[in-house]
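If you want the building blocks of each chain, they are given just below.
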Amino acid sequence: MASKKKSPKITFPLDVLRPIREYLLKRETELKKRKRRLEKEDPFTNGDRLNDNAAVDSDAAEEVGHERITALKSEIDKTLIRVRKTLSRIKVGSYGTCAQCGKMIDTDRLAIDPTAELCVKCAKKKKK
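Residues numbered from 1 in each chain as written. Predicted model: local features only at pLDDT ≥ 70, side-chain atom pairs only at ≥ 80, totals over all residues. Heavy atoms only, no water.

This part is about the overall build of the chain. The helix and strand inventory of the chain stands at 5 helices and 0 strands. Mapped in sequence order, the helices and strands of the chain form the string α-α-α-α-α. For the chain, the proportion of contacts with a sequence separation of at least 24, taken over those separated by at least 6, is 59%. When the accessible surface of the chain is split by element, carbon and sulfur atoms take 54% of a total near 9900 Å². (Helix = DSSP H or I, 4+ residues; strand = E, 2+ residues; numbered from the N terminus. Contact = heavy atoms within 4.5 Å. Areas by Shrake-Rupley, 256 points an atom, 1.4 Å probe, with all protein chains shown as cover.)

What follows deals with a positive patch on the surface. Together, K32, K33, R34, R36, R37, K40 and R68 give the surface a local cluster of positive charge. For the positive patch, the element with the highest residue contribution is helix α1 (residues 14-41), accounting for 6 residues. (Patch = residues over 30% accessible without salt bridge, like charges linked within 9 Å, V, L, I, M, F, W, Y side chains within 5 Å. Salt bridge = Lys/Arg side-chain N within 4 Å of Asp/Glu carboxyl O. Lys, Arg positive; Asp, Glu negative; His and termini not counted. Charge placed at Lys NZ, Arg CZ, Asp CG, Glu CD.)

Evaluated as defined, the whole model comprises 6 salt bridges. With a closest N to O distance of 3.4 Å, E75 and K78 form a salt bridge. Pair noted here: E75 and K78 are both in helix α3 (residues 56-92), with a separation of 3 residues, about one helical turn. For E75, a relative accessible area of 44% puts it in the partly exposed group. Members of the salt-bridge network, linked through shared partners, are K85, R89 and E117. (Buried < 20%, exposed > 50% of the residue type's maximum accessible area, 1.4 Å probe, protein only.)

On to the environment of T86. Mapping T86 onto the fold places it in helix α3. Taking the C-alpha atoms as reference points, T86 and P114, 28 residues apart in sequence, are found 7.8 Å from one another. Leave out the neighbours within four places in its chain, and T86 touches L24, Y95, P114 and T115.

For the rest of this paragraph, the subject is the side chain of E28. The topology assignment puts E28 in helix α1. With sequence-adjacent residues up to four places away left out, E28 is seen in contact with L80, V83, R84 and L87.

In this section: the nonpolar core. Y95, C98 and L110 are the most contacted members of the largest nonpolar core, which totals 20 residues. Secondary structure elements with two or more residues in this core: α1, α3 and α5 (120-127). Per element, the largest residue contribution to this core is 6 residues, and it comes from α3. When residues no more than four places from it in sequence are discounted, the contact partners of L110 are F12, Y95, G96, I105 and A116. (Core = buried A, V, L, I, M, F, W, Y, C linked by side-chain atoms within 4.5 Å.)

Below, the discussion takes up α1. The first and last C-alpha atoms of α1 sit 40 Å apart over 28 residues, in line with the 40 Å expected at 1.5 Å per residue. By the burial criterion, the buried members of α1 are L17, L24, E28, L31 and L38. (Expected span 1.5 Å × (residues − 1).)

Encoded structure:
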């Protein structure tokens with residue numbers, strides 16, 4: 001009975017991970033600040049809005065503004081999740097390893113997107 005050989009776990013050295021971790025922490029802080037600013041801009045959070053018997057066009061403008069801010073906040077939330085997942089992978093020592101096949105993710109790919117979870121091959125399979 002032939003047994004499968006497990007490939008040795010390869011991890012990045014701490015001096016390589018430190019700047020990536022710092023970048024991601026900074027990115028997380030920036031995203032949180034941006035989300036708070038957007039929440040303040042949302043016309044639906046304005047308490048005076050309820051008392052205002054505005055014209056239909058004002059209501060439509062508020063609705064469009066609210067939808068725009070909701071969409072932007074949703075994208076920020078998705079990015080925050082990716083950043084936090086990446087920080088967790090750094091902490092547990094699995095950063096740079098494909099979440100699907102377990103092989104190393106190309107460093108060029110990680111340089112472009114430090115939150116990449118899949119190698120190019122698995123990412124292409126997922127898109128299909």
